[in-house]
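Commentary on secondary and tertiary structure
Take a look at the letters that make up each chain.
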Amino acid sequence: MNISVPRRVTAVAALAALALGGLTGTSATARPAEAAGVAAAPDISLTAVKQHLTDLQSIATANGGNRAHGRTGYKASIDFVKAKLDAAGYTTSLQTFTSSGATGYNLIADWPGGDPNQVLMAGSHLDSVSSGPGINDNGSGSAAILETALAVSRAGYQPSKHLRFAWWGAEELGLVGSKYYVNNLPTTERSKIKGYLNFDMIGSPNPGYFVYDDDPTIEQTFKSYFAGLGVPTEIETEGDGRSDHAPFKSAGVPVGGLFTGASRVKTSAQVTKWGGTATAFDRCYHSSCDTTSNINDTALDRNSDAVAHAIWTLSAGSTNPPTGKVFENTADVSIPDNGAAVTS
Ligand code: DTR
Ligand code: CA
Ligand code: ZN
Ligand code: ZN
């Protein structure tokens, strides 16, 4: 099957794909990354991502002002995202769990194709706190990976690795949904996950550009992307253990992600670096004012495009050798009894 390479191949992207393939620990000699032909990701439409946020806001407004675990607004959010993915050709499943006496839901969406033994995952928690609609925390991450998943479908993208997207429940209660998923994944299935990318708060109104400093290949993939934009980044130190990548990291899965800041105050040096004000990155963190007005468009656009870049880059390339004996152009060679190929 020919994989069309619609955009310029980026050497860094190709090398990242090769390196992530190396994360699998497979001993196979990977094809030269340059030959892998890593296609560049499409631009993710800020308008489309913001429309998802508007829809999530409407859901919160229609359900008591929030999208919290155990409330009607959360299940309505899950149904909204699932319907779009089903229509786009994803294989979706709802994983249920119980937390604080209420049913919780994880939405898992698999894009058909790719090597089932090499899975690249991207996830965001879809629940809000009970005090507000949770548009930055975490409609922003949820909308960005939703639009990226829809872009995969629109492109008919068929990467080497298998793509899986997840929207987690009850993160605000203590990473409950993602912990439940990882804990209930058979070890054989867990070992197939070659990378997990987490996006929790990526549109903060007074943004910083933070990259998780966990897996180096994933970290470099994001850092290179922002360097290409001329946007300085800092490593994310506030979040260790504070979002849904933590259960995956504890299980030995390579993780990474992006973050634009929560209640911490931006320093004067960071103001010099990124602009904005020496106030909280998100003054509406866990508050009722975390609405569609609580989003910085530039940050949301840049991070949505970075999500797509990482998905396209890290899902290309495979280090698993083809199974069985592989011949090419046997028409122009004869295979004598001793098996040595001779050209005619
Ligand atoms: N735990 C997230 C917010 C959060 C706080 N620090 C970080 C660092 C990295 C990711 C997320 C966060 C929440 O309240 O949902
Ligand atoms: Ca964009
Ligand atoms: Zn939160
Ligand atoms: Zn969050």
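Thresholds applied
- Within any chain, residue numbers begin from 1 and follow the written order of that chain's sequence.
- Note on labels: chains are lettered from A, ligands numbered from 1, in written order.
- The model is predicted, so local features are restricted to residues of pLDDT at least 70 and side-chain atom pairs to those at 80 or more, both for listing and for counting; the totals for chains, interfaces and linings are taken over all residues.
- Working from all heavy atoms in the structure, the side-chain values ignore hydrogens and water.
- A helix here means a DSSP run of H or I that spans at least four residues, while a strand means a run of E at least two residues long, and both kinds are numbered starting from the N terminus.
- A 1.4 Å probe rolled over the protein chains alone gives each residue an accessible area, and that area as a share of the maximum for its type sets the label: buried under 20%, exposed over 50%, partly exposed in between.
- We call two residues in contact when some of their heavy atoms are within 4.5 Å.
- Residue proximity to a molecule or strand is established when one non-hydrogen atom of the residue lies within 4 Å of it.
- A 3.5 Å cut-off defines polar contacts: any pair of N or O atoms within that distance qualifies, except that in protein one atom must be a possible hydrogen donor and the other a possible acceptor, and neighbouring residues in sequence count only when both atoms are side-chain atoms.
- Each accessible area is a Shrake-Rupley result for a 1.4 Å probe, and residues are judged covered by the shown protein chains and nothing else.
- Residue polarity follows a fixed list, in which Ala, Val, Leu, Ile, Met, Phe, Trp, Tyr, Cys and Pro are nonpolar, Asp, Glu, Lys and Arg are charged, and the others, Gly among them, are polar.
- Strands are labelled as partners when DSSP assigns at least two bridges between them.
- Where helices are involved, their axes are fitted lines through C-alpha atoms of the stretch in contact, as for all axes, and angles between N-to-C directions lie from 0 to 180°.
- Metal sites are built from N, O and S donor atoms within 2.8 Å, or 3.2 Å for Na, K and Ca, and they leave out water, so they may look incomplete.
- Every angle between 85 and 135 degrees makes a four-donor site tetrahedral, while opposite donors more than 155 degrees apart, with all other angles between 65 and 115, make a four-donor site square planar and a six-donor site octahedral; other sites are irregular.
- Whenever a pair of cysteine sulfur atoms sits within 2.5 Å, that pair is classed as a disulfide.
- The quantity called pLDDT is the predictor's confidence in a given residue, expressed from 0 to 100.
- Working definition: a ring pair exists when centres of Phe, Tyr or Trp rings (six-membered ring for Trp) sit within 6.5 Å. Plane angles under 30 degrees give stacked, over 60 give edge-to-face, the rest tilted.
- In our convention, an over-ring charge means Lys NZ or Arg CZ found within 6 Å of a ring centre and within 35 degrees of that ring's normal.
- Throughout this description, the term salt bridge denotes a Lys or Arg side-chain nitrogen within 4 Å of a carboxyl oxygen of Asp or Glu.

Some points on the overall build of the protein chain
What the protein chain contains, in helices and strands, is eleven helices and ten strands. When each of the 344 residues of the protein chain is scored for burial, the buried share is 52%. Within the protein chain, counting contacts between residues at least 6 apart in sequence, those at least 24 apart form 76% of the total.

A look at the site of ligand 1
If you check the shell around ligand 1, you find 15 residues, and the closest are E171, G239, R242, Y285 and H286. D137 is positioned with one of its side-chain polar atoms (N or O) 3.1 Å from an oxygen atom of ligand 1. Starting from 360 Å² of accessible surface for ligand 1 in isolation, the protein chains cover 97%. Among the residues making up the shell around ligand 1, the classes are represented as four nonpolar, four polar and seven charged.

Some points on the sheet that holds strand β4 (residues 161–168)
The eight strands are arranged β1-β2-β4-β3-β5-β8-β6-β7 in an open sheet whose pairing can be described as mixed. Single-partner strands in this sheet number two, and they are β1 (91–99) and β7 (234–236). Strand-to-strand twist across the sheet, computed as the mean angle between neighbouring axes with direction ignored, equals 25 degrees. Across five bridges, the pairing between strand β2 (residues 102–111) and β4 is antiparallel.

Observations concerning the pairing of β2
Burial analysis of β2 places nine of its ten residues in the buried class, the great majority of the element. Two strands pair when backbone bridges link them, and β1 and β2 are joined in this way by nine bridges, in the antiparallel orientation. By the bridge assignment for β2, F97 is matched with G104.

Some remarks on the coordination of the zinc ion (ligand 3)
Surrounding the zinc ion (ligand 3) are the protein donor atoms D137 (OD), E172 (OE), E172 (OE) and H286 (NE2), at 1.9 to 2.5 Å. In this structure, the zinc ion (ligand 3) is surrounded by six donor atoms whose angles at the metal cover 55 to 151 degrees, and the resulting shape is irregular. In primary sequence terms, the donor set of the zinc ion (ligand 3) follows D-x34-E-x113-H. Taken as a pair, the zinc ion (ligand 3) and the zinc ion (ligand 4) lie 3.6 Å from each other and share D137 as a ligand. Of the two residues, E172 sits in the loop between β4 and α6 (176–183) while H286 sits in the loop between α10 (268–274) and α11 (297–315), which places them 114 residues apart along the sequence.

Observations regarding the state of the cysteines
Summed over all chains, the structure comprises one disulfide. The residue that forms a disulfide with C284 is C289, at a sulfur-sulfur distance of 2.0 Å. In this structure the cystine formed by C284 and C289 twists about its S-S bond by roughly -115 degrees; its chirality is therefore left-handed. Residue classification places C284 among the buried residues on the basis of a relative accessible area of 1%.

Describing the coordination of the calcium ion (ligand 2)
Only D43 (OD), I44 (O), D301 (OD), D305 (OD) and D305 (OD) from the protein coordinate the calcium ion (ligand 2), and they sit 2.3 to 2.5 Å from it. Look at where the donors of the calcium ion (ligand 2) fall in the sequence and you get D-I-x256-D-x3-D. Here D305 lies in helix α11 and D43 lies in the loop between α2 (33–36) and α3 (46–62), a separation of 262 residues in the sequence.

Some thoughts on the confidence of the model for the protein chain
With 81% of its residues at a pLDDT of at least 70, the protein chain reaches an overall mean of 88. A low-confidence stretch, residues 1–12 (pLDDT under 50), is modelled with 15 contacts involving residues beyond four sequence positions or located in other chains. Below a pLDDT of 50 lies the segment residues 22–36, which in the model reaches 23 contacts outside its immediate sequence neighbourhood of four places, other chains included.

Digging into the packing of aromatic side chains
All chains considered together, the criterion is met by 17 aromatic pairs. For the pair W168 and Y196, a centre-to-centre distance of 6.4 Å together with 55 degrees between the ring planes defines the contact as tilted. Residue W168 is located in strand β4, and its partner Y196 is located in strand β5 (residues 193–199); the two are separated by 28 residues in the primary sequence. By way of ring pairs, the aromatic residues Y209, F210, Y225, F226, F259, W274 and F281 are connected into one cluster. Sitting over the ring of Y105, K75 keeps its end group 5.4 Å from the ring centre. Positioned above the aromatic ring of W274, the side-chain terminus of K273 is 5.4 Å from the ring centre.

Some points on helix α5 (residues 135–155)
Helical geometry note: an α-helix holds 3.6 residues per turn, so side chains three or four residues apart project in the same direction. Burial of α5 is extensive: 19 of the 21 residues sit out of reach of the surface. G156 occupies a position one or two residues after α5 and carries a positive phi of about 60 degrees.

Some details on the pattern of salt bridges
If you walk through the whole model with that rule in mind, you get nine salt bridges. A salt bridge links K75 to D79; the shortest N-O distance between them is 2.9 Å. In this pair, K75 and D79 are both assigned in helix α4 (residues 72–87), four residues apart and thus about one turn of the helix distant. With a relative accessible area of 28%, K75 lands in the partly exposed category.

Quick notes on unusual backbone geometry
Negative phi characterises most residues that are not glycine, and trans characterises most peptide bonds. Cis rather than trans, the peptide bond between D137 and N138 has omega equal to 0 degrees. With respect to the helices and strands, the residue N138 is situated in helix α5. Despite not being glycine, L175 has its phi angle at roughly 55 degrees, a positive value. Within the fold, L175 resides in the loop between β4 and α6. A positive phi angle, close to 70 degrees, is found at M201, a residue other than glycine.

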